[in-house]
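# Breakdown of the fold
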Amino acid sequence: MTDPSMSAVPQTNAPKRGPRWWIWLLLIVLIGGATYFYVRRPAGDAQQNASSQGGSRHGGAAREATPVVAANAKMGDINVYLNGLGAVTPLRTVTVKTHVDGELMKVLFSEGQTVKEGQFIAEIDPRPYQVQLEQAEGQMAHDLALLKNAQVDLERYRTLFKQDSIAEQQLATQDALVRQDEGQIKIDRAQIDNAKLQLIYCHITSPVNGRVGLRQVDPGNIVHAADATGIVIITQLQPITVVFSIPEDNIPGVMQKLQAGIRLPVDTFDRSQKNKLASGSLLTVDNQIDSTTGTVKLKAQFANGDYALFPSQFVNARLLLDTKREVLLIPSAGVQRGSQGTYVYIIKPDRTVTLRLVKVGVTEGDYASIDAGLASGETVVVDGADKLRDGSKVVVSTRDAKSTGAPNEATHTHGSRGKGAAGPAAKAPPGTGP
């Protein structure tokens, strides 16, 4: 039997599971929040420290002096050059063709050989023309005999006419026959001369001094006077000319020099404008301007003793128009350009820079002449100007500008005004500081 008293006792020892999951949830939230604040705080401190350190570094850099390379402006000479693109053009280029038709018997030149004017270079079969010459000579001998007989008869008829033995008409007819035979003799002589000329044409000679190109026809072929290719092309290489163009604005200066009888030197350079090929002089100027390009063609002549210039070769021509004496020179790398115009940075005695507007004259190679805005002896920045502002502090290394202003021969310039692009001068090793 079950004890009723036992069933009435309350179950106080049974576990109460209902409210415990809230406790665990609360613990998890607290732990997660603590972890979050623990991780985020050091990262934010690091960023703040980095920002403060970076700001201090930049501020220090702003206070530091900028290293630059400088040069002193000096008086000197500078050349005025006119540059132009051109091509090598031979004085004479001859396509050697035959005047007569026939078999090409001999070729007496080697490809690439240099030949002289009048040199025997090829032969056409002369035998057909020799036969024509003999025929013309035979015809002439026949007609000479007829002429001689007609002349004898004419003298006889004149005697008979004086004796009143023949009519005047018969004398006139005989006189006309003599004249006819004399005309035939002239024709025969012309035919003989023509046959001799054809024989001369069978022996082909060089019409110019020059270099022989590649052979167009081999011996044994039948050649014709109407052939377009010819036998060979001969090009005169010594002397040789270069045709190049300059802007029309430069024509008055060039014409003034030519009319005064001044010889204008011209130098030619290769495509890279680094290697000088030859030196010559201006020969002439074309008689009209190309309206599409606004340029005029000039022709210069070169001795070409070393065959450095070759027909149709592309070259850069540089014409020396004038030399300006005792002008103020600075390295062209020191000239800067901005919205306010051309300017330079002048280094003051306190090692700070000031911006100075200048008027640039002629630029030649690594040097530019200054027409206004600068005085001799002043120091300008030639390297490092891109980092400067008006009033910037600098650490200076200097080098002197060339007193002569003579550029390197391998450097090509336009000789134009206001052109001061940075050149190799900015890359030279700095000199001793002041």
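Read on for an overview of the structure. This one's a predicted model, so the numbers in the text were calculated from it and none came from an experiment.

On to the overall build of the protein chain. For the protein chain, the helix and strand inventory stands at five helices and 22 strands. Per-residue burial for the protein chain yields a buried fraction of 35% across its 434 residues. For the protein chain, the share of sequence-separated contacts (at least 6 apart) that also reach a separation of at least 24 residues comes to 78%. Of the roughly 26000 Å² that the protein chain leaves accessible, carbon and sulfur atoms contribute 54%.

The tally for this structure, following the rule as stated, stands at one aromatic pair. With a centroid separation of 5.8 Å and an interplanar angle of 85°, the aromatic rings of Y343 and Y345 are classed as edge-to-face. Take Y343: its relative accessible area is 12%, and that puts it in the buried class. The ring centre of Y81 lies 3.9 Å from the NZ or CZ of R318, which sits over that ring.

With that settled, consider the layout of surface pockets. Counted as a void, the second largest pocket has a volume near 210 Å³. If you trace the second largest pocket, you find it lined by T93, R211, V212, G213, L214, Q216, I233, T235, L237, F310 and P311. For the lining of the second largest pocket, the secondary-structure elements that each account for two or more residues are β8 (210–212) and β10 (232–235). Residue composition of the lining of the second largest pocket, grouped by class: six nonpolar, four polar and one charged.

On to the sheet that holds strand β6 (residues 120–124), then. The strand order across the open sheet built from four strands is β7-β6-β4-β9, with neighbouring strands paired in antiparallel fashion. Of all the strands in the sheet, just β7 (203–205) and β9 (222–223) have a single pairing partner and so form its edges.

Once that is clear, we can look at the environment of V382. The topology assignment puts V382 in strand β21 (residues 379–383). Considering only alpha carbons, one finds V382 and I330, 52 residues apart in sequence, at a separation of 8.7 Å.

In contact at an axis separation of 8 Å, helix α3 (residues 127–162) and helix α4 (residues 168–201) are set at 160° when each is read in the N-to-C sense. One way to sum up the angle between α3 and α4 is to call them roughly antiparallel. Considering the relative orientation of α3 and α4, their crossing is left-handed. For the contact of α3 with α4, a count of residues per class yields 18 nonpolar, nine polar and eleven charged.

Here the focus is the pattern of salt bridges. Taken as a whole and assessed by the stated rule, the structure comprises eleven salt bridges. Across the pair R158 and E155 runs a salt bridge, and its minimum N-O distance is 3.1 Å. Of this pair, R158 and E155 both sit in helix α3, three residues apart, which is roughly one turn of that helix. Of the residues examined, E155 reaches a relative accessible area of 47% and is grouped as partly exposed. A network of salt bridges, in which partner residues are shared, links E155, R158, D175 and R179.

Evaluation of the coordinates by the stated rule reveals one cavity of 30 Å³ or more. Estimated volume of the largest cavity: approximately 40 Å³. Around the largest cavity, the lining residues are K97, T98, V217, V223, H224, D227, G230 and I231. Partitioning the lining of the largest cavity into residue classes produces three nonpolar, three polar and two charged.

Bringing α4 into the picture now. In this model α4 runs 50 Å from its N-terminal to its C-terminal C-alpha over 34 residues, within 8% of the 50 Å that 1.5 Å per residue would give. Where α4 is concerned, the buried positions are L171, Q174, V178, D181, I185, D188, I192, A195, Q198 and L199. As for α4, its buried residues are in contact with α3 and β7.

Another point: the sheet that holds strand β5 (residues 114–115). Across a sheet, strands are paired by hydrogen bonds formed along the backbone, either parallel or antiparallel in direction. Ordered in space as β3-β10-β8-β5, the four strands form an open sheet in which the pairing is antiparallel. Each edge of the open sheet is held by one strand with a lone partner, namely β3 (93–96) and β5. Note: β5 against β8, two bridges, orientation antiparallel. Its bridge partner being in β8, T114 is matched across the sheet by R211.

Its location among the elements puts D267 in strand β12 (residues 265–269). At 2.9 Å, the side chain of D267 and the side chain of S279 are in polar contact. Those residues in contact with D267 that sit more than four places away from it in its chain are K276, A278, S279, N316, A317 and R318.

A word on the environment of A65. Mapped onto the fold, A65 is located in the loop between α2 (20–63) and β1 (66–72). A65 gets classed as partly exposed once you look at its relative accessible area, which sits at 30%. Residues A65 and S392 lie 327 residues apart in sequence; the distance between their C-alpha atoms is 7.4 Å. Dropping the residues within four chain positions of it, A65 is found in contact with K393, V394 and V395.

Criteria and cut-off values
- Starting afresh in each chain, residues are numbered from 1 along the sequence in its written order.
- Reporting of local features is limited, given that this is a predicted model, to residues whose pLDDT is at least 70; pairs of side-chain atoms are given and counted only at 80 or more, and all residues count toward the totals for whole chains, interfaces and linings.
- Just so you know, side-chain values use all the structure's heavy atoms and leave hydrogens and water out.
- Secondary structure counts use DSSP, requiring at least four H or I residues in a row for a helix and at least two E residues in a row for a strand, with both numbered from the N terminus.
- Throughout, exposure labels follow a simple rule: accessible area from a 1.4 Å probe, protein chains only, divided by the maximum for the residue type, with under 20% read as buried, over 50% as exposed, and the rest as partly exposed.
- Any two residues whose heavy atoms approach within 4.5 Å are treated as being in contact.
- Surface exposure here means Shrake-Rupley accessible area, sampled with a 1.4 Å probe, where a residue is shielded only by the protein chains that are shown.
- Classification of ring pairs uses Phe, Tyr and Trp, with its six-membered ring standing for Trp, and accepts pairs whose centres are within 6.5 Å; under 30 degrees between planes counts as stacked, over 60 as edge-to-face, and the remaining range as tilted.
- In this scheme, the term charge over a ring applies when either NZ of a lysine or CZ of an arginine sits within 6 Å of the ring centre and within 35 degrees of the ring normal.
- Each cavity reported here is a set of points on a 1 Å grid over the protein atoms alone in which a 1.4 Å probe fits but cannot get out, each pocket an open set with protein on both sides within 12 Å along at least five of seven lines, and each lining residue one with an atom within 4 Å of a point.
- Grid points are joined across faces, edges and corners, and a volume is the space filled by probe spheres set on the points.
- In this count, Pro and Cys sit with the nonpolar residues alongside Ala, Val, Leu, Ile, Met, Phe, Trp and Tyr, while Asp, Glu, Lys and Arg are called charged and the others, Gly among them, polar.
- Paired strands are those between which DSSP finds at least two bridges.
- Helix axes use the C-alpha atoms of the stretch in contact, all axes being lines fitted to C-alpha atoms, and the angles between their N-to-C directions lie in the range 0 to 180 degrees.
- Every angle not falling under 35 degrees, over 145, or within 65 to 115 is termed oblique; those three ranges are roughly parallel, roughly antiparallel and roughly perpendicular.
- Less than a right angle of anticlockwise turn of the near helix away from the far helix marks a crossing as left-handed, whereas a clockwise turn marks it as right-handed.
- Put simply, a salt bridge is a Lys or Arg side-chain nitrogen that is within 4 Å of an Asp or Glu carboxyl oxygen.
- Here the expected length of a helix is defined as 1.5 Å per residue gap, with one fewer gap than residues.
- The definition of a polar contact used here is a pair of N or O atoms within 3.5 Å, where within protein one atom must be able to donate a hydrogen and the other to accept one, and adjacent residues in sequence count solely through side-chain atom pairs.

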